[in-house]
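Chain and residue survey
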Amino acid sequence: MRCGGLQRFSLADFPGTDAAIVFTTGCNLRCPYCHNPDLVTNGGRAGVAEAAVWDFLERRRGRLGAVVLSGGEALLQPDLAVVCRRLRDLGYRIKLDTNGTRPQALAGLLEASLLDYVALDLKLPLERYPEIGGDGRAVGQSLEILVAAGVAAECRSTVVHPLLGADDLVAIGGLIANRLPWILQDYRPPPRCLDQTFAATARPFDDAQRDDLWRQLDILGLCCRWRGQEISREAPPSVRISLPARPAVQNGR
Ligand code: SF4
């Protein structure tokens, strides 16, 4: 695993427990608003020694609840299953943040019961993925794999004008069709972003755009939660998040 960074503690990234976040390097998409350009464009070179990450995780075993594998795109790492098994042996729950472009790799980890929680980014309507260098069919497959697997999961979309309009988000919501929780997150200008030209015009939705989107979602009965806004349509009970028990720590302290 090539590590670009390690966040040692977060209370916001795994429901119900504290977590460390491991950022892997390399990504196969080019989202213009990406706030991790170093992870995307450094050719997959490691920014943090993997041994240092494992040393930290070994020392925190039994005290830290979960590890989030994020990126970049973590499913590009060829040894991710090995990494997950090692995390399991240390007693960690495992969350994967993914852009959904590697459905077979995702399915393999799920079939091996190596993931407890998956956050799938849905960035555009599927037919528009070529604009950011991706294949929407693969992302659609990942969504269906997650729904079928029954693993705790959520979909996330960044609400950013002018890349997305209300119609685009309605299309994404229609794809999810209330089968998984859907989190909308406002675009926040990062200190550095992948496409500085895009950054010059990018902004979150204004009130009129937000109202328009909300009205359309309401008419269609599409559920979502808008992070940071006091607005949400509750997902039906069948899609609310339910996490499995924490795995046993092997040779725990
Ligand atoms: S936002 Fe995520 S998927 Fe998009 S380029 Fe950045 S790391 Fe890759």
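Quick note: structure is the one above.
Residues numbered from 1 in each chain as written. Predicted model: local features only at pLDDT ≥ 70, side-chain atom pairs only at ≥ 80, totals over all residues.

Time to look at unusual backbone geometry. The omega torsion of the bond from Gly71 to Gly72 falls at 10 degrees, within 30 degrees of zero and hence cis. Along the chain, Gly72 turns up in the loop between strand 3 (66-70) and helix 3 (80-89). Across the junction of His161 and Pro162, the peptide omega takes the value 10 degrees, indicating a cis bond. Among the structural elements, Pro162 can be located in the loop between strand 6 (152-159) and helix 6 (166-176). (Helix = DSSP H or I, 4+ residues; strand = E, 2+ residues; numbered from the N terminus.)

Side chains that are nonpolar tend, in soluble globular proteins, to be buried together. If you look at the biggest cluster of nonpolar residues, it comprises 69 residues, and the most contacted ones within it are Val67, Ile94 and Val118. The leading source of residues in this core is strand 2 (residues 19-24), at 5 residues. Those residues in contact with Val118, other than ones at most four positions away along the chain, are Leu96, Thr98, Leu146, Val151 and Ala153. (Core = buried A, V, L, I, M, F, W, Y, C linked by C-beta atoms within 7 Å. Buried ≥ 20, exposed ≤ 12 C-beta atoms within 10 Å, placed from the backbone. Contact = placed C-beta atoms within 7 Å.)

Within an α-helix, residues lying three or four positions from one another point in the same direction, as the helix has 3.6 residues per turn. Considered for burial, the residues of helix 3 that qualify are Leu80, Val83, Cys84, Leu87 and Arg88. In a view along the axis of helix 3, the buried residues occupy a sector of 140 degrees, so they form one face of it. Buried-residue contacts for helix 3 involve strand 3, strand 4 (93-98) and helix 4 (103-111). One or two positions beyond helix 3, positive phi appears at Gly91, with a value near 90 degrees. (Arc of directions from axis to C-beta.)

This brings us to the environment of Gln229. Relative to the helices and strands, Gln229 is located in the loop between strand 8 (224-227) and strand 9 (232-233). Spatially, the C-alpha atom of Gln229 lies 22 Å from that of Thr201, the residues being 28 residues apart in sequence.

Attention now goes to the pairing of strand 2. Consecutive side chains of a regular strand alternate in pointing toward one face of the sheet and then the other. Most of strand 2 is tucked away, with 6 of its 6 residues classed as buried. Taking every second residue as pointing to the same face, both faces of strand 2 are buried, with Ala19, Ile21 and Phe23 on one and Ala20, Val22 and Thr24 on the other. In this sheet, strand 2 lies alongside strand 1 (residues 3-10) in antiparallel orientation, the contact comprising 5 bridges. Bridged to Cys3 within strand 2 is Thr24. Note that strand 2 and strand 3 share 5 bridges and pair parallel. Each bridged residue has a counterpart across the sheet, and for Phe23 the counterpart in strand 3 is Ser70. (Pairing = 2+ DSSP bridges.)

Judged by pairing direction, the sheet is mixed, and its 9 strands sit side by side in the order 1-2-3-4-5-6-7-8-9 without closing on themselves. The open sheet has two edge strands with one neighbour each: strand 1 and strand 9. In terms of strand pairing, strand 3 meets strand 4 through 4 bridges, oriented parallel. Counterpart to Val67 in the pairing with strand 4 is Ile94.

Taken N-terminus to C-terminus, the directions of helix 4 and helix 5 (residues 136-149) make an angle of 15 degrees; their axes are 9 Å apart at the nearest point. Judged by the inter-axis angle, helix 4 sits roughly parallel to helix 5. The handedness of the crossing between helix 4 and helix 5 comes out as right-handed. Counted together, Pro103, Leu106, Ala107 and Leu110 of helix 4 and Ala138, Gln141, Ser142, Ile145 and Ala149 of helix 5 form the full contact between these two elements. Within the contact of helix 4 with helix 5, the residues separate by chemical class into 7 nonpolar, 2 polar and no charged. (Axes fitted to C-alpha atoms, helices over the stretch in contact; angles between N-to-C directions. Parallel < 35°, antiparallel > 145°, perpendicular 65-115°, else oblique. Left-handed = near helix turned anticlockwise from the far one by under 90°. Nonpolar A, V, L, I, M, F, W, Y, C, P; charged D, E, K, R; others polar.)

As for its position among the elements, Thr158 is in strand 6. Judged by local crowding, Thr158 falls into the buried class, with 21 C-beta atoms found within 10 Å. Measuring from C-alpha to C-alpha, the distance between Thr158 and Arg45 comes to 27 Å, with 113 residues separating the pair along the chain. For Thr158, the contacting residues outside a window of four places in its chain are Tyr33, Lys123, Gln185 and Tyr187.

Bringing helix 5 into the picture now. With 14 residues, helix 5 extends 20 Å from end C-alpha to end C-alpha; this agrees with the ideal 20 Å at 1.5 Å per step. Among all positions in helix 5, only Gly136, Val139, Ser142, Leu143, Ile145 and Leu146 are buried. On its buried face, helix 5 sits against strand 4, helix 4, strand 5 (117-121), strand 6 and helix 6. Just downstream of helix 5, Gly150 is the residue with a positive phi angle, here 75 degrees. (Expected span 1.5 Å × (residues − 1).)

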